[in-house]
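Secondary and tertiary structure notes
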Number of protein chains: 2
Amino acid sequence: MSTVPENAPEHCPGTNSEAAGKAEACAGCPNQSICSALPKGPDPAIEEIKHKLSNVKHKVLVLSGKGGVGKSTFTAHLAHALAEDPEKQVGVLDVDICGPSLPRMLGTEGETVHQSGSGWSPVYVRDNLAMMSVGFLLGSLSDAVIWRGAKKSGLIKQFLRDVDWEGLDYLVVDTPPGTSDEHLSLVQLLTGGGAGQGAGIDGAVIVTTPQQVALIDVRKEINFCRKTGVAVIGVVENMGEFVCPACRKPSVIFPRTTGGAAKMCEELGETFIGTLPLDPRIARSCDEGKSFLEEVPDSPAVKAFRSIVKKVVSFCETNGQMREDETGETMMDTA
Amino acid sequence: MSTVPENAPEHCPGTNSEAAGKAEACAGCPNQSICSALPKGPDPAIEEIKHKLSNVKHKVLVLSGKGGVGKSTFTAHLAHALAEDPEKQVGVLDVDICGPSLPRMLGTEGETVHQSGSGWSPVYVRDNLAMMSVGFLLGSLSDAVIWRGAKKSGLIKQFLRDVDWEGLDYLVVDTPPGTSDEHLSLVQLLTGGGAGQGAGIDGAVIVTTPQQVALIDVRKEINFCRKTGVAVIGVVENMGEFVCPACRKPSVIFPRTTGGAAKMCEELGETFIGTLPLDPRIARSCDEGKSFLEEVPDSPAVKAFRSIVKKVVSFCETNGQMREDETGETMMDTA
């Protein structure tokens, strides 16, 4: 078991790998001598997390290559949309340690987390929508979290192991941009590096904007999913078009120089699940901690968004591979 | 000497600190036992980097809290603008290891780096504009760099120590969003944690967009600069306004719900150095690897941009605290 598959050349084999510190990729890594000396073997937290999350049916990651493409906005509204069904329990986990936006977007800024007998209690946005973010652990909103990767990974482990969600239908995990510590830790701790070994992940939604500099990074993110065995639920193209409020003429702010996300998905054999327009009312709703779905229910953006959410739900229900084991406990199989 | 100041509570004291592994902040950190065992003392690379960069007059960091605010676009065009003076030598260092956009934006995608007797040779955009990026070290554009923080820090050290810039007036460093490994390593290696100990940094330009969720992260970034002793040259507000190409009416895409960057700067006592409009031709120029300054020289965006560049240059020339030491060698003093 390792944090990245052993067939990944030129990349870190993961600190748990037998090859840690010895692989070709380790040459020049400042951690090489440390890695060689670490005790090897599966992290016992993987089993603890599997147990803790055994009452969480679906786990969805929201990823992006580039930052600022609307990942947290998407996460917040996916959670709002899922929680519109009062029968469903929804949780949101914000692992963007250095730049947590979700407390602001979900209107829970300034809330604090309480410790209970069974772990950390999440903050409730409404009855059936709970969330956890590093934002709740800071003294002030301006506090910078100046942490290196290892410490960020430690907090992610705590979040996964110690938050008491009390049973969820969906856990949506918002991530920072890139393919580094936060992503490796999440995937390693949730999948244990292989089939059935961890709590499991249904798949990842990848958010992008239409221009080529964003798409280059999305290809890297898809590559990351393939290497770590995380299913790609689909790619969402955000900020596709802006309709001038004065003359109603559409403009493309981030031009599809190379055909946009749809063409990229076609090339790579991935699923394109929709385009969202750029609507200033979305940013405003996020700043005010409100749901855009409720603020402007009839807008084209909301219609496009609902169609995307349907596809995500359908993927999870079809491919999530739910199974009831003998004890009647619901478990995920992410083989 | 440490990677973060010793008065930073609840944060990592830095791997070089005497308190590494022992501080209150270290409780729960998975690296705690490793840190306690590491040899302490200043990293010898700080002195090597100081020597290597002794012929680089000004060093400017481009930072942002949130991703996708136009940091790399700003960096590319700051470099283009500085290099318009044929007497000036300009270098760009891209330390966004997981999402390097600059090779695309500066039209050098697919170039490779050569090894020379005195180090790595940068890639030349034009005679007086050189650059280095992890993008040049990848086999394919889609390759994901799945690296944890320690390995990213190792590459940044190599970039600072081994790239042979052959003398520069300006070195502009583009960073990923956030306040983590890349930022700590850069600041530690360039300043050595204190006055005159490293090669030095003139200051940082902080790029943001106008909405509150971006400004929250900018406050964290300013906090980071204050804690690490990096001067803030000023805050740039990007994507301020969009002028509809059909009816010429301006729209604000990311509303200034809380007054925007200018008001924030006033509150924090930082310098606001300008607003840039959202112009789709900027994204297109970046996708095509061209300079927006040359493509649409008379646009309002270019005029606004040139005014910002002037302020950055003026800051560096006034506050860069150049001094000639006895040997006639030019050195920076970042006290």
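Because the structure is a prediction, the values reported are computed rather than measured.

Within chain A, the secondary structure is distributed over 11 helices and 14 strands. Within the span of chain A, comprising 335 residues, buried residues form 62% of the whole. A separation of at least 24 residues holds for 73% of the contacts in chain A among residues at least 6 apart in sequence. Of the accessible surface of chain A, which amounts to about 12,300 Å², a share of 49% is contributed by carbon and sulfur atoms.

Looking now at the pattern of salt bridges. This structure, assessed with the given rule, holds 29 salt bridges over all chains. Lys 57 of chain A is paired through a salt bridge with Asp 169 of chain A; the nearest N and O atoms lie 3.3 Å apart. Residue Lys 57 of chain A is located in strand β1 (residues 56–63), and its partner Asp 169 of chain A is located in strand β7 (residues 168–174); the two are separated by 112 residues in the primary sequence. Exposure remark for Lys 57 of chain A: the relative accessible area of 35% places this residue in the partly exposed category. Accessibility expressed as a relative area gives 12% for Asp 169 of chain A, which makes it buried. Here Asp 43 of chain B makes a salt bridge to Lys 157 of chain B, at a shortest N to O gap of 2.7 Å. Of this pair, Asp 43 of chain B sits in the loop between α1 (32–37) and α2 (44–52) while Lys 157 of chain B is found in helix α5 (residues 149–162), placing the two residues 114 residues apart along the sequence.

A few words now on the interface of chain B and chain A. The interface of chain B with chain A comprises 75 residues on the first partner and 76 residues on the second. Surface buried jointly by chain B and chain A totals about 6,400 Å² across both partners, of which 60% is contributed by carbon and sulfur atoms. Looking only at chain B, the three residues that lose the most surface to chain A are Ile 146, Arg 148 and Lys 220 of chain B, adding up to 13% of its buried area. Along the contact surface separating chain B from chain A lie 2 salt bridges. Arg 148 of chain A is paired through a salt bridge with Asp 181 of chain B; the nearest N and O atoms lie 3.5 Å apart.

Residues and elements named next belong to chain B. Pairing is mixed across the open sheet formed by 8 strands, whose spatial order is β5-β6-β2-β7-β1-β8-β9-β12. The two strands at the open ends of the sheet, each matched to only one other strand, are β5 (123–126) and β12 (272–275). If you compare each strand with its neighbour and ignore which way they point, the axes differ by 20 degrees on average. Across 5 bridges, the pairing between strand β2 (residues 90–94) and strand β6 (residues 129–133) is parallel. If you follow Leu 93 over to β6, its bridge partner there is Met 132. In the packing of helix α3 (residues 71–82) onto the sheet, the strands contacted are β1 (56–63), β2, β5, β6, β7 (168–174), β8 (203–208) and β9 (232–237), and the crossing angle to β7 comes to about 170 degrees. Sheet contacts for helix α8 (residues 260–268): β8, β9 and β12; angle to β9, the most-contacted strand, approximately 150 degrees.

This paragraph deals with the side chain of Asp 174 of chain B. Residue and element names in this part refer to chain B. Mapping Asp 174 onto the fold places it in strand β7. Here Asp 174 sits buried without a salt bridge, and the closest side chain of opposite charge, Lys 71, lies 4.4 Å off (N-O distance). Setting aside residues no more than four positions away along its own chain, Asp 174 makes contact with Val 62, Lys 71, Ser 72, Thr 75, Leu 93, Asp 94, Val 95, Asp 96 and Leu 102.

Of the transformation superimposing chain B on chain A, the axial component is 0.0 Å and the angular component is 180 degrees, with the fit at an RMSD of 0.0 Å. What the rotation and shift describe, once combined, is the action of a two-fold rotation axis.

When glycine is set aside, most residues are seen to have a negative phi, and most peptide bonds are trans. Residue and element names in this part refer to chain A. Within the chain, Glu 166 stands out as a residue other than glycine whose phi angle is a positive 60 degrees. Following the sequence through the fold, Glu 166 ends up in the loop between α5 (149–162) and β7. With a phi angle near 65 degrees, Arg 248 is a residue other than glycine that sits in the positive phi range. Here Arg 248 is to be found in the loop between β10 (242–243) and β11 (250–251).

Turning our attention to the environment of Glu 295 of chain B. Residue and element names in this part refer to chain B. Checked against the element boundaries, Glu 295 lands in helix α10 (residues 292–295). Classification of Glu 295 as partly exposed rests on a relative accessible area of 44%. With 236 residues separating them in the primary sequence, Glu 295 and Lys 59 have C-alpha atoms 27 Å apart. Sequence-distant contacts of Glu 295, that is, excluding residues within four places in its chain, are made with Ser 285 and Lys 290.

Now for the UniProt feature "binding site: [4Fe-4S] cluster 1" (unreviewed entry) in chain A. All names here are of chain A. Under the feature "binding site: [4Fe-4S] cluster 1" (unreviewed entry), the UniProt entry names Cys 12, Cys 26, Cys 29 and Cys 35. Its location among the elements puts Cys 12 in the segment before α1 (32–37). The class of Cys 12 is buried, set by a relative accessible area of 15%.

Now for the UniProt feature "binding site: [4Fe-4S] cluster 2" (unreviewed entry) in chain A. Annotation from UniProt places "binding site: [4Fe-4S] cluster 2" (unreviewed entry) at Cys 244 and Cys 247 of chain A. If you trace the backbone, Cys 244 of chain A turns up in the loop between β10 and β11. Cys 244 of chain A has contacts with Lys 249 of chain A together with Cys 244 and Cys 247 of chain B, leaving out every residue within four places of it along the chain. On the secondary structure map, Cys 247 of chain A appears in the loop between β10 and β11. Apart from the residues within four sequence positions on either side, Cys 247 of chain A is in contact with Cys 244, Ala 246 and Cys 247 of chain B.

A few words on the nonpolar core. Among the nonpolar cores identified, the biggest contains 92 residues, and Phe 74, Leu 93, Met 132, Leu 160 and Trp 165 of chain B are the most heavily contacted of them. With near-sequence residues (within four places) excluded, Leu 93 of chain B lies in contact with Met 132, Phe 159, Leu 160, Trp 165, Leu 171, Val 172, Val 173 and Asp 174 of chain B. In this structure, Val 69, Val 90, Leu 189 and Ile 273 of chain A belong to the second largest nonpolar core, which totals 91 residues.

Let us now look at the packing of helix α6 (residues 181–191) of chain A against helix α7 (residues 212–228) of chain A. Residue and element names in this part refer to chain A. Packing of α6 against α7 leaves a shortest axis separation of 11 Å and a crossing angle of 30 degrees. As judged from the angle between their axes, α6 and α7 are roughly parallel. With respect to the hand of their crossing, α6 and α7 are arranged in right-handed fashion. Note on element contacts: α7 touches α6 through Glu 221, Phe 224 and Thr 228, opposite His 183, Leu 184 and Val 187.

This part covers the sheet that holds strand β8 (residues 203–208) of chain A. The strands that make up a sheet pair up through hydrogen bonds in the backbone, lying either parallel or antiparallel. All names here are of chain A. Taken in spatial order, the 8 strands make up an open sheet running β5-β6-β2-β7-β1-β8-β9-β12, and their pairing is mixed. Both edges of this open sheet fall to β5 (123–126) and β12 (272–275), since each of them pairs with a single strand only. With strand direction ignored, the average angle separating the axes of adjacent strands in the sheet is 20 degrees. Alignment of β8 against strand β9 (residues 232–237), held across 5 bridges, turns out to be parallel. Along β9, the bridge assignment pairs Val 205 with Gly 234. The sheet contacts of α7 involve β1, β8 and β9, and relative to β8 the element is tilted by about 170 degrees.

A separate point is the packing of helix α3 (residues 71–82) of chain A against helix α11 (residues 300–319) of chain A. All names here are of chain A. The N-to-C vectors of α3 and α11 enclose an angle of 75 degrees; their axes lie 10 Å apart at closest approach. The angle between the axes of α3 and α11 places the two elements in the roughly perpendicular class. Across the interface between the two elements, Phe 74, His 77, Leu 78, Ala 81 and Leu 82 from α3 touch Phe 305, Ile 308, Val 309 and Val 313 from α11.

Calculation criteria
- Residues numbered from 1 in each chain as written.
- Chains lettered and ligands numbered in written order.
- Predicted model: local features only at pLDDT ≥ 70, side-chain atom pairs only at ≥ 80, totals over all residues.
- Heavy atoms only, no water.
- Helix = DSSP H or I, 4+ residues; strand = E, 2+ residues; numbered from the N terminus.
- Buried < 20%, exposed > 50% of the residue type's maximum accessible area, 1.4 Å probe, protein only.
- Contact = heavy atoms within 4.5 Å.
- Areas by Shrake-Rupley, 256 points an atom, 1.4 Å probe, with all protein chains shown as cover.
- Salt bridge = Lys/Arg side-chain N within 4 Å of Asp/Glu carboxyl O.
- Buried area = accessible area lost by both parts, 1.4 Å probe.
- Pairing = 2+ DSSP bridges.
- Axes fitted to C-alpha atoms, helices over the stretch in contact; angles between N-to-C directions.
- Lys, Arg positive; Asp, Glu negative; His and termini not counted.
- Least-squares fit on C-alpha atoms with pLDDT ≥ 70 in both.
- UniProt positions renumbered as here; feature names shortened; annotations may be inferred.
- Core = buried A, V, L, I, M, F, W, Y, C linked by side-chain atoms within 4.5 Å.
- Parallel < 35°, antiparallel > 145°, perpendicular 65-115°, else oblique.
- Left-handed = near helix turned anticlockwise from the far one by under 90°.

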